[in-house]
Amino acid sequence: MSLSRKDRPLYLQVKQILKDRILHGVYVLGSNIPSEPLLEREFSVSKITVRAAISELVQEGYLEKGSGKGTKVIRNKAASKLSKWKHFTEILVESGHRIRKRWLRTEIVSNEKGTELYRAFGTRCLRMERLYDLNDIPYIFYVHYLTIELEGLELADMKEQSLYELLEEQGLSLDRLRDEFGVEAAGPAVADRLELEAGTPVLKRSRYSRDGRGRIIELSIGYYNTGLQNYIVNYDV
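The structure contained in this document is the topic of the report that follows.

Rules behind the numbers
- Residues numbered from 1 in each chain as written.
- Predicted model: local features only at pLDDT ≥ 70, side-chain atom pairs only at ≥ 80, totals over all residues.
- Heavy atoms only, no water.
- Axes fitted to C-alpha atoms, helices over the stretch in contact; angles between N-to-C directions.
- Helix = DSSP H or I, 4+ residues; strand = E, 2+ residues; numbered from the N terminus.
- Parallel < 35°, antiparallel > 145°, perpendicular 65-115°, else oblique.
- Left-handed = near helix turned anticlockwise from the far one by under 90°.
- Contact = heavy atoms within 4.5 Å.
- Buried < 20%, exposed > 50% of the residue type's maximum accessible area, 1.4 Å probe, protein only.
- Phe/Tyr/Trp six-rings, centres within 6.5 Å; stacked < 30°, edge-to-face > 60°.
- Lys NZ or Arg CZ within 6 Å of the ring centre and 35° of its normal.
- Salt bridge = Lys/Arg side-chain N within 4 Å of Asp/Glu carboxyl O.

**Structural notes on the packing of helix H1 (residues 10-23) against helix H3 (residues 47-59)**
In step 1: Remark: H1 packs on H3, axes separated minimally by 8 Å, with the N-to-C direction vectors making an angle of 50 degrees. Relative to H3, the element H1 lies oblique. H3 is crossed by H1, and the crossing has right-handed handedness. Together, Leu-10, Tyr-11, Leu-12, Val-14, Lys-15, Leu-18 and Lys-19 of H1 and Thr-49, Ala-52, Ala-53, Ile-54, Glu-56 and Leu-57 of H3 make up the contact between the two elements.

**Focus on the environment of Gly-227**
In step 1: Its location among the elements puts Gly-227 in the segment after strand S8 (216-224).
In step 2: Gly-227 sits in the exposed class, given a relative accessible area of 76%.
In step 3: A C-alpha to C-alpha distance of 8.0 Å links Gly-227 and Val-202, two positions 25 residues apart in sequence.

**Some points on the packing of aromatic side chains**
In step 1: By the definition in use, this model includes 9 aromatic pairs.
In step 2: Put simply, the rings of Phe-88, Tyr-132, Tyr-139, Tyr-142, Phe-181, Tyr-224 and Tyr-231 pair up and form one aromatic cluster.
In step 3: The ring of Tyr-62 is capped by Arg-75, whose NZ or CZ atom sits 4.0 Å from the centre of that ring.
In step 4: In this arrangement the basic side chain of Arg-178 is found over the ring face of Tyr-208, its NZ or CZ atom lying 4.8 Å from the centre.

**What to know about the pattern of salt bridges**
In step 1: As enumerated under the stated definition, the model contains 20 salt bridges in all.
In step 2: Salt-bridge contacts for Glu-60 lead to Lys-19; the nearest nitrogen and oxygen are separated by 3.9 Å. Here Glu-60 is found in the loop between H3 and strand S1 (63-66), whereas its partner Lys-19 is found in helix H1, with 41 residues between them in sequence.
In step 3: A salt bridge links Lys-204 to Glu-184; the nearest nitrogen and oxygen atoms lie 3.1 Å apart. Of this pair, Lys-204 sits in strand S7 (residues 201-210) while Glu-184 sits in strand S6 (residues 176-185), placing them 20 residues apart in sequence.
In step 4: Within the structure, one salt-bridge network assembled from shared partners comprises Arg-105, Glu-107, Arg-127, Glu-129 and Arg-193.

Here it is in C-alpha cells:
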C-alpha cells in the first residue's frame, strides 16, 4: 500500500490506518498486529516511521509492546465526547464482527438549481462513494456530498482514514449533526453495490453535518442491508 506523500506526516497516516483496523476488528482484541518489518513492507516506509506510529498507539492505550512477544491490541474502542454512546461499528466489532471500509470513487458534480444539493452546496460539490463490508459481505453503501472546498481530495489520500478526521485536518469543524432514517427500495445502483436484487427494502440514513456558521459541510446518504444485520443503538443509563 502506498501512502500520500503530501499533507500529513507518513507516521500519522500509518497510525490512522492501524487504529482504524483495530476499531473495525481487523486486528482483534488480544491479538498481535503484524510485525514491524511486515508493516514497513506493506506501507513502503522506514522502520522509524512504523515505530513512531506504533508508539503513539501505545501511548493512547490501543497497543501494548511486549519484549519478544510482539505488539498486542489491548483496546478497541474509540474515545468519544459522549462517553455513554458507542458508534454502531464499535458495537458490531464488540460482537465479534469484522468491518472493512472501501473508498470506491470520487468526482466533482454539478448541482441543478432547485435541488437539495444546490441549496446545500451551490453549483458544484464533491461526491464520494464508500462501501462497508461486514465479514466480507457488502453491508452499507454510502454516498457523501462535500463542500467544493475539498475538490482537490483524491481517493489515494483517503486510504482507511475517517472522513471526519479528514475534515478536521482541512480546518472544517463540525458543530451540528442531524440524522434522518427511513426505508427505501434499493435502486439499481444501490442494489449493485450491496449485491441485492433491485427493489429490496433497505434502511436509508441521511446525515447533515454543519459548521459553527450553520453551513452544510457534508451530506451523506447511507443504505444499510438490514437483512444482513439490524442497525443497533446501545445506551447506558
